[in-house]
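Listed below, chain by chain, are the residues.
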Amino acid sequence: MATRPKVVISNWVHPEVVELLARSCAVVPNDTRDALPPVELLRRCRDAHALLAFMPERIDDAFLAACPNLRIIACALKGYDNFDVEACTRRGVWLTIVPDLLAAPTAELTIGLMIALGRNILAGDELVRSGRFQGWRPVLYGQGIDGSTVGLIGAGAVGKSVARHLAGFRATLLYVDNVALLPQEEEELRLRRVPRDELLQRSDFVVLSMPLTPDTRHLVDRRFLLQMKTGAFLVNTARGSLVDEAAVGNALETGALAGYAADVFAMEDWALADRPADVPSPLLKAKGKTVFTSHLGSAVDRVRRGIALQAASSLLECLRGETPSGAVNHPVAPVLT
């Protein structure tokens with residue numbers, strides 16, 4: 001290009017990421033810890049050649065039409081349901097993701113949520129802080145992972161990483177997935193593929209580890225919850241809209257579900273026009289039966305640095321005329337001049 005290409009970074013990143021891009025690009029960073037409002041993001045991108053994007057963005061055809069110079073949207077994430085892949089392809093815009101750095105930290109958090117939920121960590125903390133704790137009492141007996149049965153709904157990268165992290169817990173591991181793992185993978189991970197009904201009836205913990213698609217939205221509904229084993233726990237570190245949050249709240253209230261832990265919520269699924277504005281109050285009111293974290297799945301400092309750096313590298317590959325790493329489409333990209 002005759003001039004340095006303009007790169008917009010939608011959210012805060014480590015200084016190393018800005019420095020990498022600034023060597024060959026005119027970088028417009030976001031120095032705050034807040035996501036840019038959609039109007040401001042569009043204003044910055046109207047003449048931009050590349051966008052380093054994150055989960056809060058929703059990129060659709062109207063956005064792309066208003067940004068005719070865009071050649072790549074490099075996403076510092078794995079799940080890209082907020083991005084219109086077809087529109088990107090049609091308009092000659094590459095869309096890339098970082099597929100391999102988020103699984104381990106997300107699995108780690110999943111195990112943490114399972115322990116916190118099953119072992120009443122929050123209730124124990126509250127008891128100590130209340131001033132009512134006078135030493136051991138036969139209270140707050142819970143469900144440990146050791147010796148339990150864990151059912152994984154989805155055996156992709158995150159699901160397999162959860163299984164690896166559970167290796168030391170002597171748990172029975174079941175899974176359902178549209179595609180069976182190779183026999184050697186099942187043996188290595190101690191996973192057994194079973195019908196979904198069997199998994200739900202046997203599992204003490206049911207873990208969601210699958211992408212959000214039109215087919216998986218509200219996979220966890222009233223019928224799903226009624227099929228679960230009495231006293232079982234549900235853990236969601238995948239996407240909020242995989243569950244019908246109202247149905248989960250009702251199941252917690254009636255006791256059909258013993259507990260729910262989540263790092264993700266339907267309010268975050270920006271691509272859905274009818275997404276809720278906030279976390280439903282029945283979930284927030286279910287104290288003692290819920291553990292929530294604020295989308296911390298990959299929130300490990302070195303991991304987030306690595307994710308942003310990998311996304312930035314893909315962006316630079318595209319601007320050099322190369323096929324970018326992590327591409328989920330293959331548009332006929334115009335040559336930059």
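See the structure printed just above.
Residues numbered from 1 in each chain as written. Predicted model: local features only at pLDDT ≥ 70, side-chain atom pairs only at ≥ 80, totals over all residues. Heavy atoms only, no water.

1. Section: the nonpolar core
The test is simple: Side-chain atoms within 4.5 Å are what join buried Ala, Val, Leu, Ile, Met, Phe, Trp, Tyr and Cys residues into a set we call a nonpolar core. Between buried and exposed lies partly exposed: a residue is buried under 20% and exposed over 50% of the maximum accessible area for its type, with that area taken using a 1.4 Å probe on protein chains only. Where helices and strands are cited, they refer to DSSP runs of H or I of at least four residues and of E of at least two residues respectively, numbered from the N terminus. Residues count as neighbours in contact if any of their non-hydrogen atoms are within 4.5 Å of one another.
The biggest cluster of nonpolar side chains holds 30 residues, and the ones touching the most others in it are L225, M228, L234, V248, L257 and Y260. Of all elements in the fold, only β7 (172-176), α9 (196-202), β9 (205-208), α10 (222-227), α11 (245-254) and β11 (259-262) reach the threshold of two or more residues within this core. When residues of this core are assigned to their parent elements, the largest contribution, four residues, is made by α11. If near-sequence neighbours (up to four positions away) are discounted, L257 is found in contact with L225, M228, A232, F233, L234, V248, A251 and L252. Within the second largest apolar cluster, 28 residues are counted, among which are A116, V150, V235 and A261.

2. Focus: the sheet that holds strand β3 (residues 50-53)
Under the convention used in this document: DSSP calls a pair of strands paired once it identifies at least 2 bridges connecting them. Axis lines are fitted through C-alpha atoms, for helices just across the contact stretch, and the angle between N-to-C directions can take any value from 0 to 180 degrees.
Read across the sheet, five strands follow the order β2-β1-β3-β4-β5 without closing on themselves; strand pairing throughout is parallel. Of all the strands in the sheet, just β2 (26-28) and β5 (94-96) have a single pairing partner and so form its edges. On average, adjacent strands in this sheet sit at an angle of 15° to one another, irrespective of strand direction. One ladder, built from three bridges, connects strand β4 (residues 72-75) with β5; its direction is parallel. Residue pairing for β5: I72 is matched across the bridge by W94.

3. With respect to helix α5 (residues 103-118)
Helical geometry note: an α-helix holds 3.6 residues per turn, so side chains three or four residues apart project in the same direction. Condition: One fewer than the residue count of a helix, multiplied by 1.5 Å, yields its expected span.
Compared with the 22 Å implied by 1.5 Å per residue over 16 residues, the 22 Å span of α5 between its first and last C-alpha is a close match. α5 sits mainly inside the fold: twelve of its 16 residues count as buried. Residues of α5 that are buried include every one of A103, P105, T106, A107, L109, T110, I111, L113, M114, A116, L117 and G118, and no others. Directly beyond the C-terminal end of α5, a positive phi value near 60° is found at N120.

4. Re the packing of aromatic side chains
We count it as follows: Any two of the Phe, Tyr and Trp rings considered here, Trp counted by its six-membered ring, make a pair once their centres fall within 6.5 Å; the pair's planes then place it as stacked at under 30 degrees, edge-to-face at over 60, or tilted in between.
For the coordinates displayed, the defined rule picks out three aromatic pairs. The interplanar angle of 80° and the centroid separation of 5.4 Å between the aromatic rings of F265 and F292 together place this pair among those described as edge-to-face. Of the two residues, F265 is situated in the loop between β11 and α12 (281-285) and F292 in strand β12 (residues 290-292); the sequence distance between them amounts to 27 residues. On the basis of relative accessible area, F265 is assigned to the buried category, the value being 9%. Each residue in the set Y260, F265 and F292 is aromatic and connected to the rest through ring pairs, giving one cluster.

5. What to know about the pairing of β11
Keep this limit in mind: Place the viewer so that the strands point away; then a crossover is right-handed whenever the path from the first strand over the helix to the second strand goes clockwise.
Burial of β11 is two-sided: the residues G259 and A261 facing one way and the residues Y260 and A262 facing the other way are all buried. Pairing of strand β10 (residues 233-236) with β11, which is carried by four bridges, proceeds in the parallel orientation. Counted as the bridge partner of F233 is G259 from β11. Handedness of the crossover joining β10 and β11 through α11: right-handed.

6. Description of the pairing of strand β6 (residues 149-153)
Of all five residues making up β6, five are buried, and the element is well covered by its neighbours. Residues T149, G151 and I153 point to one face of β6 and V150 and L152 to the other, with burial holding for every one of them. Sheet topology places β6 next to β7; five bridges connect them, and they run parallel. Across the sheet, residue L152 finds its bridge partner in β7, namely Y175. The parallel pair β6 and β7 is bridged by helix α7 (residues 157-165), and the resulting crossover is right-handed.

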